[in-house]
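Here's the letter readout for the chains.
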Amino acid sequence: MADSFEELIEAYRSCRGNKRNSNYALDFEFNWESRLCSLEKRIGNETYKPGYSTCFVITYPTVREVFAAEFMDRVVHHYLINKIEPKIDKTFINDSYACRRNHGSIAGALKLRKYLNKITRNQTSKAYFMQLDIKSFFYNIDKTLLYDILINHVKKLKLSEDEFNEISWLSQVIIFNDPSKHYIIKGDPKLFNTLPKGKSLFTNPPNKGLPIGNLTSQFFANLYLNEVDQFIKRELKIKYYLRYADDMILLSNDKDELFMAKEKIQRFLEDKLILKLKDEKTKLGSVYDGIDFLGYFVKPNYVLSRKRVVSNLKKKLYYFNSGFLINRTYCNEEAVPLHNPPSYDEIATICTSINSLFGHLKWANSFNLRQDIYNNHLGMLKEYLDPKDDLSSFNIKSDLGLSLRPAVPSP
């Protein structure tokens, strides 16, 4: 196809992103043009096959198994997603917030608060929420059903025959690839023994489950659950409904409506998507009690950040002021000793981390909390960082000593 090489270049650029200095990206970049030419031919003559994945277990915030595709395969993932996501995403409901442009966790939490005020008529009426969670969602996705759903969408994209055939074949290769057959272990192998039952591709039935860690898996998950989104909005007529991944929120002024909706959603999931609700995760309550959603505790009149987010921030600051920097490894966090005084890179790393967490906090009613963190927990970082007036983020001070300056890049 005439444009396929340009599309692969664009996929390579978006895949490289902010990971340009990783070993995998540097290795690929050394000879990127010939690699992309070879990849274009293999996709064109249908000889492309996914390579080995790097498999590891993360323990924060929960224990999970991750399969990270090698760089070449990530380029292919971006190539496919760039072709199909923009048009298919338009068919999704607006209130699906996971891994979508102009959506995300903050947008989801703010929209929930907006809905709470609407359904309570600005806190003058009773209203209830029901929160549903799908049992081991990623590991119970049926690959054959997923592929059929995808092809039904692709048929509506008005593609040429060559484009349709390429997308169909490439989607099949990616969806039915089993990374548990071709992998490299990173991190502590003993952590695999801590995985909850039913949450590992190594023990999954054939053609079940998608690897957590791939761009395609994120899009495919939204595509799969778009089926239940449409059912809830079109058939059940639930006006106030939001979803982030497999976490679903339904709002109503009538408890009975929520109970009936749950029964119908359960039947739909079992009959149409071969999934089940996790009953022990189902929550029902008054919206005035607050809803734990996307790292926030949301009520009609205010939003709070979850304790875990605050504890994580205080933990990073405590370690830094004790002479350590917390780094995230393949499997866990590790405390690395700081230079004395800290290097510019170390200051930049902790500044980025703090800004990320303060960026989360600023969308909650948290000004007093941010003041407390700045006054009582920032410690020696006050020597290196300047806060914005609203304490929403920090900048590295411009008058630091030469020893803290970033290295001058080579010509």
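The structure reproduced in this document is the subject of the present report. (Residues numbered from 1 in each chain as written. Predicted model: local features only at pLDDT ≥ 70, side-chain atom pairs only at ≥ 80, totals over all residues. Heavy atoms only, no water.)

**Description of unusual backbone geometry**
A cis geometry characterises the amide bond from N340 onward to P341, with omega recorded as 5°. Note that P341 resides in the loop between strand 12 (333-337) and helix 12 (344-361). If you check the backbone angles, I274 has positive phi at about 55° while not being a glycine. For I274, the location among the structural elements is in the loop between helix 10 (255-273) and strand 7 (283-286). Among the residues examined, I274 registers a relative accessible area of 44% and is labelled partly exposed. (Helix = DSSP H or I, 4+ residues; strand = E, 2+ residues; numbered from the N terminus. Buried < 20%, exposed > 50% of the residue type's maximum accessible area, 1.4 Å probe, protein only.)

**Structural notes on the sheet that holds strand 4 (residues 183-185)**
Reading across the sheet, the 3 strands line up as 2-1-4 and stay open at both edges, with mixed pairing between neighbours. With one partner strand each, in any of the chains shown, strand 2 (64-69) and strand 4 form the two edges of the open sheet. If you compare each strand with its neighbour and ignore which way they point, the axes differ by 30° on average. As defined by bridge partners, strand 1 (residues 53-58) adjoins strand 2 across 6 bridges and the pair is classed as antiparallel. For C55, the partnering residue across the bridge sits in strand 2 and is F67. (Pairing = 2+ DSSP bridges. Axes fitted to C-alpha atoms, helices over the stretch in contact; angles between N-to-C directions.)

**Considerations on the pattern of salt bridges**
Counted by the stated rule, this structure contains 10 salt bridges. Two residues, K111 and D95, come together in a salt bridge whose shortest N-O distance is 2.9 Å. Taken together, the residues K111 in helix 5 (residues 105-119) and D95 in the loop between helix 4 (71-89) and helix 5 connect sequence positions 16 residues apart. As far as the burial class goes, K111 and D95 line up, both buried. Salt bridges here are not isolated pairs; linked through shared partners, they connect E7, K83 and E166. (Salt bridge = Lys/Arg side-chain N within 4 Å of Asp/Glu carboxyl O.)

**Here's the deal with the environment of T216**
Tracing the backbone shows T216 in helix 9 (residues 215-235). For T216, a relative accessible area of 2% translates into the label buried. Separated by 143 residues in sequence, T216 and G359 place their C-alpha atoms 27 Å apart. Contact partners of T216, with chain neighbours within four places excluded, come to H77, I81 and I174. (Contact = heavy atoms within 4.5 Å.)

**Section: the environment of N204**
Along the chain, N204 turns up in the loop between strand 4 and helix 9. In this structure, the C-alpha to C-alpha distance between N204 and Y139, residues 65 residues apart in sequence, is 7.2 Å.

**Quick look at the sheet that holds strand 7**
If you walk across this open sheet you meet the 4 strands as 5-6-3-7, and the pairing is antiparallel. Every other strand in the sheet has two partners, leaving strand 5 (240-244) and strand 7 as the edge strands with one partner each. Across the sheet, the mean angle from the axis of one strand to that of its neighbour is 15°, orientation sign disregarded. By the bridge criterion, 5 bridges tie strand 5 to strand 6 (residues 247-252) in an arrangement that is antiparallel. Considered in strand 6, the bridge of R243 is made with M248. Across the face of the sheet, helix 5 comes into contact with strand 5 and strand 6 while running at roughly 165° to strand 5. Across the sheet, helix 9 is in contact with strand 5 and strand 6; its angle to strand 5 comes to roughly 170°.

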